[in-house]
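Coordinates in review
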Amino acid sequence: NYYSPKGGSPVGLEIWNGATKAVSMTQPANAGWNNMEFDLSTSSGWSGLVKYDKVVIFPDFMVAAANEVFYLDNLAVNGAVTPQITIVPVVPEEPVVVVNKVV
């Protein structure tokens, strides 16, 4: 999910293999929330046999900064679903009472 405050805003995506930029793609976003998908298999430089180690996303790619806010939510790779984070509250342990006996 990607939020853009304006329509036609280009979103840039780069996939890196170490220090080498392997794939670069750009597509426009509509104003508001967008469900964006980048099909890397259609891009030159992509290989399913390579282990990529970095994804870079550029909101409003190659547009002069205008103090606008863009959001990313539920980022998924290869059709996966972003896992939910479950917060488990820490239950405090009962204090241990130590009795010193003098004999």
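Okay, so let's go over this structure. Numbers given for residues are sequential positions, taken from 1 along each chain in its written order. Owing to the predicted nature of the model, reporting of local features is limited to residues with pLDDT of at least 70; listing and counting of side-chain atom pairs is limited to 80 or more, with chain, interface and lining totals taken over all residues. Just so you know, side-chain values use all the structure's heavy atoms and leave hydrogens and water out.

1. Quick look at the packing of aromatic side chains
The cut-off we apply is this: Whether two aromatic rings pair depends on their centres lying within 6.5 Å, for rings of Phe, Tyr and Trp, where Trp uses its six-membered ring; planes under 30 degrees apart make the pair stacked, over 60 edge-to-face, and the rest tilted. Secondary structure elements follow DSSP: runs of H or I no shorter than four residues count as helices, runs of E no shorter than two count as strands, and numbering proceeds from the N terminus.
On inspection of all chains with the given rule, the structure shows 6 aromatic pairs. Relative to Trp33, the ring of Tyr3 has its centre 5.5 Å away and its plane inclined at 55 degrees; by these criteria the two rings are tilted. Residue Tyr3 is found in strand E1 (residues 2-4), and its partner Trp33 is found in strand E4 (residues 32-34); the two are separated by 30 residues along the sequence. Taken together, the aromatic side chains of Tyr3, Trp33 and Tyr71 make up a single cluster linked through ring pairs.

2. Observations concerning the pattern of salt bridges
Quick note on the threshold: Salt bridge, as used here: a side-chain nitrogen of Lys or Arg that lies within 4 Å of a carboxyl oxygen of Asp or Glu. When accessible area is computed with a 1.4 Å probe and restricted to protein chains, residues below 20% of their type maximum are described as buried, those above 50% as exposed, and intermediate ones as partly exposed.
In total, this model carries 3 salt bridges according to the counting rule given. The shortest N-O distance in the salt bridge between Asp60 and Lys6 comes to 2.8 Å. Taken as a pair, Asp60 in the loop between strand E5 (54-58) and strand E6 (71-72) and Lys6 in the loop between E1 and strand E2 (9-17) lie far apart in primary sequence, 54 residues in all. You can call Lys6 partly exposed: its relative accessible area is 24%. Taken together, the shared-partner salt bridges in this structure form one network comprising Lys6, Asp60 and Glu68.

3. Some points on unusual backbone geometry
Not every positive phi belongs to a glycine, and Met62 is a case in point at roughly 65 degrees. Its location among the elements puts Met62 in the loop between E5 and E6. Assessed through its relative accessible area of 75%, Met62 is described here as exposed. In this model, Asn67 sits at a positive phi of 55 degrees, which is unusual for a non-glycine residue. Checked against the element boundaries, Asn67 lands in the loop between E5 and E6.

4. What to know about the sheet that holds E5
Just so we agree on the cut-off: DSSP-based pairing: two strands are paired if at least 2 bridges between them are found. Here the axes come from fitting lines to C-alpha atoms, over the contacting stretch only for helices, and the angles between their N-to-C directions go from 0 to 180 degrees.
Judged by pairing direction, the sheet is antiparallel, and its 3 strands sit side by side in the order E3-E2-E5 without closing on themselves. At either end of the open sheet lies a strand with only one pairing partner, and these are strand E3 (20-29) and E5. Taking the axes of each pair of neighbouring strands and ignoring which way they run, one obtains an average angle of 15 degrees across the sheet. Examined bridge by bridge, E2 and E5 share 5 bridges and lie antiparallel to one another. Residue pairing for E5: Ile15 is matched across the bridge by Val55.

5. Quick word on the sheet that holds E1
Strand order in the open sheet formed by 3 strands is E4-E1-E6, and the pairing between neighbours is antiparallel. A single partner strand is all that each edge strand has here, and the edge strands are E4 and E6. Here E1 runs beside E6; their pairing, made up of 2 bridges, is antiparallel. Following the sheet pairing, Tyr2 is matched in E6 by Leu72.

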